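Structure at a glance
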Amino acid sequence: MSVICYHRSVSTHTDAPKPPSVSVSPSGEIMEGSSVTLTCSSDANPAANYTWYKENRTLLQGPEGVYRLSSISSGDSGVYSCKSENQYGRINSTSLHLDVQCE
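The present account deals with the structure reproduced in this document. (Residues numbered from 1 in each chain as written. Predicted model: local features only at pLDDT ≥ 70, side-chain atom pairs only at ≥ 80, totals over all residues. Heavy atoms only, no water.)

Examining the pairing of strand S3 (residues 36-41)
Of the two faces of S3, only one is covered, namely that formed by Val-36, Leu-38 and Cys-40; the face formed by Thr-37, Thr-39 and Ser-41 stays uncovered. Two elements, S3 and strand S6 (residues 66-69), share 4 bridges in a ladder whose sense is antiparallel. Counterpart to Thr-39 in the pairing with S6 is Val-66. (Buried < 20%, exposed > 50% of the residue type's maximum accessible area, 1.4 Å probe, protein only. Helix = DSSP H or I, 4+ residues; strand = E, 2+ residues; numbered from the N terminus. Pairing = 2+ DSSP bridges.)

Remarks on the pattern of salt bridges
Across all of its chains, the model carries 3 salt bridges by this definition. Residue Glu-85 is joined to Lys-83 by a salt bridge in which the shortest nitrogen-to-oxygen separation is 3.5 Å. Judged by relative accessible area, Glu-85 falls into the partly exposed class, the value being 23%. The class of Lys-83 is buried, set by a relative accessible area of 15%. Salt-bridge contacts for Glu-85 lead to Arg-90; the nearest nitrogen and oxygen are separated by 2.9 Å. (Salt bridge = Lys/Arg side-chain N within 4 Å of Asp/Glu carboxyl O.)

Focus on unusual backbone geometry
If a residue is not glycine, its phi is most likely negative; likewise, a peptide bond is most likely trans. A cis amide bond links Ser-25 with the next residue in sequence, Pro-26, at an omega value of 0°. Note that Pro-26 resides in the loop between strand S1 (21-25) and strand S2 (30-31). In the Ramachandran plot, Glu-55 falls in the positive-phi region, its phi being about 50° despite a non-glycine side chain. We note that Asn-56 has phi near 70°; this positive angle belongs to a residue other than glycine. Checked against the element boundaries, Asn-56 lands in the loop between strand S4 (49-54) and strand S5 (57-62).

Overview of the pairing of S4
Where burial is concerned, most of S4 is hidden: 5 out of the 6 residues are buried. Examined bridge by bridge, S4 and strand S7 (residues 78-86) share 6 bridges and lie antiparallel to one another. Considered in S7, the bridge of Asn-49 is made with Glu-85. In the sheet, S4 pairs with S5 via 5 bridges, with the strands oriented antiparallel. Paired with Lys-54 across the strands is Arg-57, a residue of S5. Where S4 folds back onto S5 in an antiparallel hairpin, the turn is made up of 2 residues, including Glu-55, whose phi is positive at roughly 50°.

Some words on the nonpolar core
As a rule of thumb, nonpolar side chains are buried together in soluble globular proteins. Counting 15 residues, the largest nonpolar core has Leu-38, Trp-52, Ile-72 and Tyr-80 as its most contacted members. Sorting the residues of this core by element identifies S3, S4, S6, S7 and strand S9 (96-98) as the ones contributing at least two each. Looking at this core element by element, the count peaks at 3 residues for S3. The contacts of Leu-38, once residues within four sequence positions are left out, are Ser-23, Val-24, Trp-52, Gly-65, Val-66, Tyr-67, Leu-69, Tyr-80, Leu-96 and Leu-98. (Core = buried A, V, L, I, M, F, W, Y, C linked by side-chain atoms within 4.5 Å. Contact = heavy atoms within 4.5 Å.)

Here you go:
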């Protein structure tokens, strides 16, 4: 009697983050006093952590990639970007220009 053994190898695929995409919601004209959500997302394995910047100043770091501005003012106008990062690499997004209109 012969015994056949099967060995199962588990392959774990890891990736540095892909270039992140950034979006603003709601889209269109942004009026003072409204709420705005900036979202940064990137494919990465393991999942990426995100950092939001306004003109190179760090605003927020964390695993969600979402930055919320409530009761936005003209002082919030500017250039925003995010960075996606895991242990295999990091990459910056393109810039997002936020232009807040006075009511």
